[in-house]
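# Remarks on the overall topology
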Amino acid sequence: MEKDRLLPIFALLILLIGSASSIYVYATQATTNTLLVNGQHYTINQIFSLAKPRSFNESQYSGIALDDLMLKTGVSQPEQHKYTLKGADGYEKTVTWENMKNGLLTKDSESIFSNLPKAFRVKDIITIEVK
Amino acid sequence: MKNMKFIAGIIVFGSLWGFAECIIGSLMRDVNLPAGAIMTGIFAIGLMTFSRVSFRQPGMQIGMGLVAGALRLFNPFGGCFICSAIAIMAEGLLFDLIWTGFSLDLKKPQTLTIQASLGICSAYMVYVGGYIVTQILTPLFSSAGFYIENLIVFIPQMLASGLLAALIGVVTVPAVFTLKKLDITVKDRVYYPVTMGLSALCWIIVITSTILSV
């Protein structure tokens, strides 16, 4: 088949894939008022009363210490685990204990790490899984 | 001489692209617009298509991506600048591979349908491809490392986010072909001063804005 005929078909296929993915993403968007941390549900206020505060960049970013949160939620031998932070939109990032020691969770449920690129800022976190 | 013109073209188009990403892209991110898809759909695809149909030389867009990505590294504000720089470089490479691989260097005049289809295919594949590459390379360059499962669960979102870039590409590519019909030629006498001056201006503005933002 000629390229002139193939291109529009390929373009339509791409539009179909993009549209179907958009519908799937919209349908599977998670909405919850709690965070699932190490297998237990907490509200953001409960989490903030649990762990000690932390701030970076002269208080430009402030929240609670992620490493302390994990200890307070019962993680033992924390350096032997990996931690997966999952956002409501499906975005997730896995980090090490060293990273958690330089990380904070904001009141808007966003992760910020002082030693990692901004790609590790997971917004609207709904789960912190210990692996 | 032709080679020098080609290199000057890479520098000026790459600088314009990098300038747009740093200055216009940052402004878009500040007002919570989907800057990535808009920047790719308009500026990346627009400049790469224009340079490709003007010079018809494979490899040019890889160079443009490297210049634009380097400029983005000089402006560490507005979103993840390392991810953006990697994505820009990957987009240049992907555009070049797609156009060379699918032999899209069209010689005869094309219908609007073909131009629009080119816009959809290029914009979508370049944007989604760049997104995937940056999701792999950014963690690899960090202390956290890369985990394939983080990428797999996010594939539907990446495929969905490319739709906007594709829809913008429908307009951008035919607009570039229309602009090309105007057949604007720059005389050799002014070509180098204009390209070098414009490139220098882009770099000066970006570096100045970086210094002022610190």
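Residues numbered from 1 in each chain as written. Chains lettered and ligands numbered in written order. Predicted model: local features only at pLDDT ≥ 70, side-chain atom pairs only at ≥ 80, totals over all residues.

## Some remarks on the overall build of chain B
What chain B contains, in helices and strands, is eight helices and zero strands. Shown N-terminal to C-terminal, the secondary structure of chain B runs as helices and strands in the order α-α-α-α-α-α-α-α. Here chain B, with 214 residues, has 47% of them falling under the buried criterion. Here the analysis covers contacts within chain B between residues at least 6 apart in sequence; of these, 83% occur between residues at least 24 apart. (Helix = DSSP H or I, 4+ residues; strand = E, 2+ residues; numbered from the N terminus. Buried ≥ 20, exposed ≤ 12 C-beta atoms within 10 Å, placed from the backbone. Contact = placed C-beta atoms within 7 Å.)

## Comments concerning the sheet that holds strand E2 (residues 40-43) of chain A
Residue and element names in this part refer to chain A. As summarised here, the arrangement of the five strands in space is E2-E1-E9-E5-E6, forming an open sheet in which the pairing is mixed. The sheet terminates laterally at E2 and strand E6 (92-95), the two strands that pair on one side only. Neighbour to neighbour, the strand axes of the sheet diverge by 20° on average, direction disregarded. The pairing of strand E1 (residues 34-37) with strand E9 (residues 125-130) spans two bridges and is parallel. Paired with Leu36 across the strands is Thr127, a residue of E9. (Pairing = 2+ DSSP bridges. Axes fitted to C-alpha atoms, helices over the stretch in contact; angles between N-to-C directions.)

## Focus: the domain arrangement of chain A
Split by domain assignment, chain A resolves into domain 1 (1-29) and domain 2 (31-130). Here the C-alpha centre of domain 2 of chain A lies 36 Å away from the C-alpha centre of domain 1 of chain A. (Domains from an automatic or database assignment.)

## Observations concerning the pairing of strand E4 (residues 61-65) of chain A
Residue and element names in this part refer to chain A. Relative to E4, strand E3 (residues 53-56) is paired through four bridges, and the arrangement is antiparallel. Looking across to E4, one finds that Phe56 is bridged to Tyr61. Strand direction decides the pairing type here: E4 and strand E7 (residues 103-105), joined by two bridges, are antiparallel. Each bridged residue has a counterpart across the sheet, and for Ala65 the counterpart in E7 is Leu104.

## Things to note about the interface of chain B and chain A
In this assembly, 27 residues from chain B lie in contact with 31 residues from chain A. Counting residues per element, the ones that place at least two in the side of chain B that touches chain A are helix H4 (81-101), helix H5 (112-140) and helix H7 (155-181) of chain B. Broken down by element, the side of chain B that touches chain A gets its largest block of residues, eight residues, from H5(B). Partitioning the side of chain B that touches chain A into residue classes produces 17 nonpolar, ten polar and no charged. (Nonpolar A, V, L, I, M, F, W, Y, C, P; charged D, E, K, R; others polar.)

## Considering the sheet that holds strand E8 (residues 111-113) of chain A
All names here are of chain A. Judged by pairing direction, the sheet is antiparallel, and its four strands sit side by side in the order E3-E4-E7-E8 without closing on themselves. Each edge of the sheet is formed by a strand with only one pairing partner; in this case those strands are E3 and E8. Between one strand axis and the next, the sheet turns through 45° on average, direction left out of account.

## What about the nonpolar core?
Membership of the largest hydrophobic core comes to 86 residues, with the highest contact counts inside it found for Leu69(A), Ala123(B) and Tyr124(B). Among the elements that take part in this core, H5(B) stands out by supplying twelve residues, more than any other. Counting the residues that make up this core, at least three belong to each of domain 1 (1-29) and domain 2 (31-130) of chain A. Beyond its immediate sequence surroundings of up to four residues, Ala123(B) is in contact with Thr40(B), Gly41(B), Ile45(B), Ala165(B), Ala166(B), Ile168(B) and Gly169(B). (Core = buried A, V, L, I, M, F, W, Y, C linked by C-beta atoms within 7 Å.)

## Comments concerning the packing of helix H2 (residues 35-55) of chain B against helix H3 (residues 60-73) of chain B
The geometry of a pair of packed helices is captured by two quantities: the angle between their axes and the separation between those axes. Residues and elements named next belong to chain B. Contact geometry for H2 and H3: axes closest at 10 Å, N-to-C directions at 145°. Crossing of H2 against H3: the hand is right-handed. Contacts between H2 and H3 involve Met48, Ser51, Arg52 and Phe55 from the first element and Met60, Gln61 and Met64 from the second. Of the residues belonging to the contact of H2 with H3, the class tally is four nonpolar, two polar and one charged. (Left-handed = near helix turned anticlockwise from the far one by under 90°.)

## As for H2(B)
All names here are of chain B. With 21 residues, H2 extends 28 Å between its outermost C-alpha atoms, agreeing within 8% with the 30 Å of an ideal straight helix rising 1.5 Å per residue. Among the 21 residues that make up H2, 15 are buried, leaving the element largely enclosed by the rest of the structure. Positioned one or two residues after H2, Arg56 has a phi angle of 50°, which is positive. (Expected span 1.5 Å × (residues − 1).)

## Topic: unusual backbone geometry
Residues and elements named next belong to chain B. The phi torsion at Asn32 lies on the positive side, around 60°, for a residue other than glycine. Considering the arrangement of structural elements, one finds Asn32 in the loop between helix H1 (2-30) and H2. Here Asn32 falls in the exposed class, since 7 other C-beta atoms lie within 10 Å of it. Even without a glycine there, the phi angle at Arg56 is positive, about 50°. As for its placement among the helices and strands, Arg56 is situated in the loop between H2 and H3. In this structure Arg56 comes out as exposed when scored by C-beta crowding, with 12 C-beta atoms within 10 Å.

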